[in-house]
Amino acid sequence: MNRAEAKKRIEALAAEIHEHDHRYYALDRPSISDAEYDRRFRELQALEEEYPDLRPPASPTLRVGGAMRTAFKKAPHLRPMLSLDSLMSEDGVREFDARVRKALGRDEGLFAGQVDYVAEPKFDGLSIELVYEDGVFLRGTTRGDGEVGEDVTENLRTIRAVPLRLSPEGPAGGREGTLAVRGEALMPIAEFQALNTRLIQANEEPFASARNSAAGTVRQLDPAITASRRLDFFAYEVMRADRFEPRTQREMLEALRAWGFHVEQEIRLCESIDEALAFHAALLERRDQLAYEVDGAVVKVDRTDWQGRLGVRSRSPRWAVAYKFPPRIEVTKLLDIVVQVGRTGKLTPVAVLQPVDVAGVTVSRATLHNQDELDRKDVRIGDTVRIRRAGDVIPEVVEVITERRSRGAKAFTLPSECPVCGGEVVREGAYHRCSNGLACPAQLGGRIVHFVSRGAMDITGLGDKTVKQLQEKGLVKNLADIYAITPIDLAGLEGFAEKSIENLINAIETSKKPRLHRFLFALGIEHVGETVARLLADHYGALEPLTTASEEELQEIRGIGPEVAASVRAFFSSSRNRKVLDRLLKAGIRPTHEKKAKGAQPLAGEIVVFTGSLEAMSRPEAQHKAEAAGARTAAGVSRKVTLVVAGPGAGTKLEEARKLGIPVIAEHEFLKRIGEA
Ligand code: IVH
């Protein structure tokens, strides 16, 4: 390619990538897969490296982060960044409405009796000002003291949801002169959890909340680190525009979306304060299902001329308030610390708490993760602690309130013997592990429960309690023993009658022809979850070659790293595991694998949500099938979603989908579409 051709190609790629960013974030209608996006991105990067002087000033590659810095410059805001009055009660919000009406009513002719409000989620992230000059991103700053913030431009450039150039689809006025936009930089909850896991593994301090991790990431001195953590950015206010005067809050949000900003879809125009209160209640209900932390609803007067009339107090507007959710963090007493032994033998210290209501859920136990975490936080029995419950995650102890520590508070150390079997406990990195393997009833029990679970061998009727009884009676000493269970064995157990015995024996029998990836997942090999199991199954197509694969060979598979490879190798090298495996095969287990025709992607471009119960497959399996068919999957229904698969018992998600006009299909129809009916 010569220089002129390179120039053309660079411009075309840059324009195309801008377009895809816009489609992805602003329009919620991506038209290419992430992999295709990455391919274009890398091509552009390579070309720009070859011809550095041809790089456009707003090139999307500027997002990957420049050089390391030592400190941030201070930068004054174009307009003061106000904060909002926080309200904790419905009454407070009604009083706000009364104040608004009274103030507007005083100005003759302005007030016709109805005040429209816009209700939006209150994002729990980091408030940011973005400045554009003639439509090109110039500077981004943190809120700081509201007057002056820190210049974090380079870091903000790495966020894909921050447009580097405003789209011509938005009002032209905003692309002339100066435009200042306010919004919130956030870290999605899933990204936050993954990040913390990585930090803990690397012996680094984890973040206390998604908010803190967003703040820490935006204020990273090395933009390459910011780029590696996936932040999102939601825009919600035009702070200053030279040639754009929206008449309403809604018009402003629509303009932001059209310029290419990520604007929340869940924003509602409310014709009365009651509707705004209902929005708050409905959002609170769905709080655990949202992909990012929301700590309340913001209620704003819709008309901008009325906003102007109402004006601002010293630090907050009179036309908007935040109606907060109950806190996710509560204070309670730590009564005891007990130790749980998991199926891999890992010992987890668990805090036994004085039960406390945390944002609507009673919490009486919280994880302390491991000894290092326990030491780092210096948690002692008898302490008063702060606990947090975020989303569907297991509650955890965040910190000790040391001022309230009593003299009797006792430190805790994990035992050197397994509390379940008395086996020796060995330390591996941050974790303590019982070394007794499947001779430890806790490990064996956990392994069996996992082995028979949905998504694994799927033996219904074999729950925790039955497994425990079978273990206690000495009937199941390893996984293969499941296939030696007789009706007479079961007749001796609590809760079994003729019919349930027959059902369980049948379920055990039908489980003998598992799909290979399910079987691999069922074995409980460390680091082999459903995704890795599928990679292995797709690569080898059968069990036998996998059992002898070397670490090097395993690592050649895309998506398999050294840790997984070592763990798979170790599993199949253990003579104890090989014996169990042989016995399983002797018992008649025949894992099978069907190769998928490559290239067939009947659901390409779709974003699918599953809701209600599924009959032919487990939820993770369904998601996997959808992804294999080219779709992306999502946990919650939003406008982004293009297809909802609903089973019996589907509730709010189904309603949402209907409201938004998203096509809804049943499980069998889904299977038909992916060619598996
Ligand atoms: S509007 C003048 N809308 O909540 C009005 N703020 O003190 C400016 N926040 O620091 C704020 N979500 O960063 C607005 N949808 C939303 C918001 C929001 C989160 C933050 C904002 C501010 C804090 C309230």
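Higher on the page you've got the structure.
Below: a short report on this structure. The structure presented is a predicted model; accordingly, all values stated were derived computationally and were not measured.

**Describing empty space enclosed by the protein**
1) Next: Under the defined criterion, the tally for this structure stands at three cavities of 30 Å³ or more.
2) Next: Of the voids in this model, the largest cavity is the one considered here, and its volume is about 70 Å³.
3) Next: The wall of the largest cavity is formed by Gly455, His517, Arg518, Phe521, Glu530, Ala533, Arg534, Pro620, Glu621 and His624.
4) Next: Mapped onto the lining of the largest cavity, the elements with two or more residues apiece are α16 (516-522), α17 (530-540) and α22 (619-628).
5) Next: Looking at the lining of the largest cavity residue by residue, the class counts come to three nonpolar, three polar and four charged.

**Section: the layout of surface pockets**
1) Next: Here the second largest pocket is characterised by a volume of approximately 1500 Å³.
2) Next: The wall of the second largest pocket is formed by 47 residues, among which Thr197, Ile200, Lys346, His369 and Tyr431 lie closest to the centre.
3) Next: Secondary structure elements with two or more residues in the lining of the second largest pocket: α5 (189-201), β13 (346-358), β14 (361-367), α11 (371-377), β16 (396-400) and β18 (431-434).
4) Next: A per-element tally of the lining of the second largest pocket places α5 first, with six residues.

**Things to note about the pairing of strand β21 (residues 643-646)**
1) Next: By the alternation rule, side chains of β21 split into Leu643 and Val645 and Val644 and Ala646, which are all buried.
2) Next: When strand β19 (residues 607-611) meets β21, the two strands line up parallel, connected through four bridges. In the sheet register, phenylalanine 610 faces β21, and the bridge partner there is valine 645.
3) Next: Sheet analysis places β21 next to strand β22 (residues 664-665), joined by two bridges and oriented parallel. Looking at β22, one finds that valine 644 is bridged to valine 664.
4) Next: Each parallel crossover has a hand, and for β21 linked through helix α23 (residues 652-660) to β22 it is right-handed.

Analysis parameters
Residue positions are given per chain, counted from 1 along the sequence in the order it is written. Residues qualify for local features only when their pLDDT is at least 70, as the model is predicted, and side-chain atom pairs are given and counted only at 80 or more; totals for whole chains, interfaces and linings, by contrast, use all residues. Note that water and hydrogens are dropped before the side-chain values are worked out from all heavy atoms of the structure. The rule is simple: put a 1 Å grid over the protein atoms alone, call a set of points where a 1.4 Å probe fits but cannot get out a cavity, call an open set with protein on both sides within 12 Å along at least five of seven lines a pocket, and count a residue as lining if it has an atom within 4 Å of a point. Grid points are joined across faces, edges and corners, and a volume is the space filled by probe spheres set on the points. Secondary structure follows DSSP: runs of H or I at least 4 residues long count as helices, runs of E at least 2 residues long count as strands, and numbering of each begins at the N terminus. Residues are grouped as follows: Ala, Val, Leu, Ile, Met, Phe, Trp, Tyr, Cys and Pro are nonpolar; Asp, Glu, Lys and Arg are charged; all remaining types, including Gly, are polar. The buried label goes to any residue with under 20% of its type's maximum accessible area, the exposed label to any with over 50%, and the partly exposed label to all in between, with areas taken from a 1.4 Å probe on protein chains only. Being paired, for any two strands, means DSSP has found at least two bridges between them. Orient the strands so they point away from the viewer; a crossover is then right-handed if the path from the first strand over the helix to the second runs clockwise.

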